[in-house]
Amino acid sequence: MKKIVLLLLLVSFSAFSQKVKKSTQKKSATPASVSVSVSASSSSADGFTVKNEGNAIYIISASNKTLIKKTENSNANITNLSIKSFTASGNKLYLISWAEKSLTKTALKEELTTSTINQIWNLETNSMIIENTEFSTMITEKVFLDKNKTVSETQQRVRRGGFGFELASNGDILLKNKSSQDYYSFDKDKQQYVFKSSVKK
């Protein structure tokens, strides 16, 4: 009788284990399907849409699709994509902005670069007027302290480049860095931004 009871318990335990394994396998498939859904981003204004498709950004209207940027790093993560209209010297222009993050890794060094890109377009003529890129790179590096490479430490530093960008309410733009602030205004005859003044810090 005891042998029969033990045999029944073993069969029940085996069946329970198989059910647990099956349910665990079903749960593990869920995160993969969720993470795929957030790859593209877009923004619209006045019938124009700016859209990220893979590693390229397009302006899309009812009659046209224009490539405005193809990222150099195919693994770059594009975020904060936006388009907005404004007026400068009586002309309607569009500011298109986005951020890019990319990671470069070796055995001893890791570089995480965050870039902010601003482009100003005249969409009536389908032409870009100006582009500005500002970036910062967080560098994490393993540095050896002796020639035999037996002692090491992790060092971090930040490298910055480009100019900060600001758009004024009148359509003027400000480009700034640690040493200066440069002001530009839109020349409607030349259809370009021209230097206006500079302030040294």
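On a predicted model such as this, the values are computed, not experimentally measured, just so you know.

### Examining the overall build of the chain
Part 1 of the reasoning: If you tally the helices and strands in the chain, you get two helices and 13 strands.
Part 2 of the reasoning: The buried share of the chain, reckoned over its 201 residues, is 27%.
Part 3 of the reasoning: The contacts in the chain between residues at least 6 apart in sequence include a share of 37% that link residues at least 24 apart.
Part 4 of the reasoning: Just so you have it, the chain exposes about 13,800 Å², and 53% of that area is on carbon and sulfur atoms.

### What to know about the confidence of the model for the chain
Part 1 of the reasoning: Averaged over the chain, the pLDDT score is 80; the fraction of residues at 70 or greater is 78%.
Part 2 of the reasoning: Taken element by element, the chain is modelled with least confidence in helix α2 (residues 30-35), mean pLDDT 26, and with most confidence in strand β10 (residues 164-167), mean pLDDT 97.

### Examining the packing of aromatic side chains
By convention here, two paired aromatic rings are described through the distance between centres and the angle between planes.
Part 1 of the reasoning: Under the defined criterion, the tally for this structure stands at three aromatic pairs.
Part 2 of the reasoning: Here Tyr184 and Phe195 contribute two aromatic rings whose centre-to-centre distance is 5.7 Å and whose plane-to-plane angle is 75°, an arrangement assigned as edge-to-face. Highlighted residues: Tyr184 in strand β12 (residues 180-187) and Phe195 in strand β13 (residues 192-200), separated in sequence by eleven residues.
Part 3 of the reasoning: Directly above the ring of Tyr58 sits Lys65, whose terminal nitrogen or CZ lies 4.6 Å from the centroid.

### Quick word on the sheet that holds β10
Part 1 of the reasoning: Strand order in the open sheet made by the four strands is β10-β11-β12-β13, with antiparallel pairing throughout. Of all the strands in the sheet, the pair left with one neighbour each is β10 and β13. Averaged over all pairs of adjacent strands, the angle between strand axes in this sheet comes to 25°, irrespective of strand direction.

### A short note on the pairing of β12
Part 1 of the reasoning: Note: strand β11 (residues 173-176) against β12, four bridges, orientation antiparallel. Residue pairing for β12: Ile173 is matched across the bridge by Tyr184.
Part 2 of the reasoning: Two strands pair when backbone bridges link them, and β12 and β13 are joined in this way by eight bridges, in the antiparallel orientation. What sits directly across from Ser185, in β13, is Val194.
Part 3 of the reasoning: If you look at the hairpin formed by β12 and β13, you'll find four residues sitting between the two strands, and Gln191 has a positive phi there, around 55°.

About the cut-offs
The residue count restarts for each chain, going from 1 along the sequence in the order it is written. Restriction of local features to residues with pLDDT of at least 70 applies here, the model being predicted, together with a cutoff of 80 or more for giving and counting side-chain atom pairs; totals for whole chains, interfaces and linings are based on all residues. Excluded from the side-chain calculation are hydrogens and water; included are all heavy atoms of the structure. We count a stretch as a helix when DSSP gives it H or I for four or more residues in a row; a strand needs E for two or more, and each element gets its number in order from the N terminus. Think of it in three bands: with a 1.4 Å probe and only protein chains considered, a residue is buried below 20% of the maximum accessible area for its type, exposed above 50%, and partly exposed in between. Contact criterion: two residues are considered in contact whenever any of their non-hydrogen atoms come within 4.5 Å of each other. Here the Shrake-Rupley method, with its probe set to 1.4 Å, supplies the accessible areas, and only the displayed protein chains count as covering residues. Values of pLDDT, ranging from 0 to 100, describe the predictor's confidence in every residue of the model. Pairing of aromatic rings covers Phe, Tyr and the six-membered ring of Trp, with a centre-to-centre limit of 6.5 Å; geometry is then stacked below 30 degrees between planes, edge-to-face above 60, and tilted otherwise. Cation placement over rings: the criterion is NZ of Lys or CZ of Arg within 6 Å of the ring centroid and within 35° of the ring normal. DSSP bridges decide pairing: two strands pair if at least two such bridges lie between them. Fitting a line to C-alpha atoms yields each axis, with helices limited to the stretch in contact; the angle taken between N-to-C directions then spans 0 to 180 degrees.

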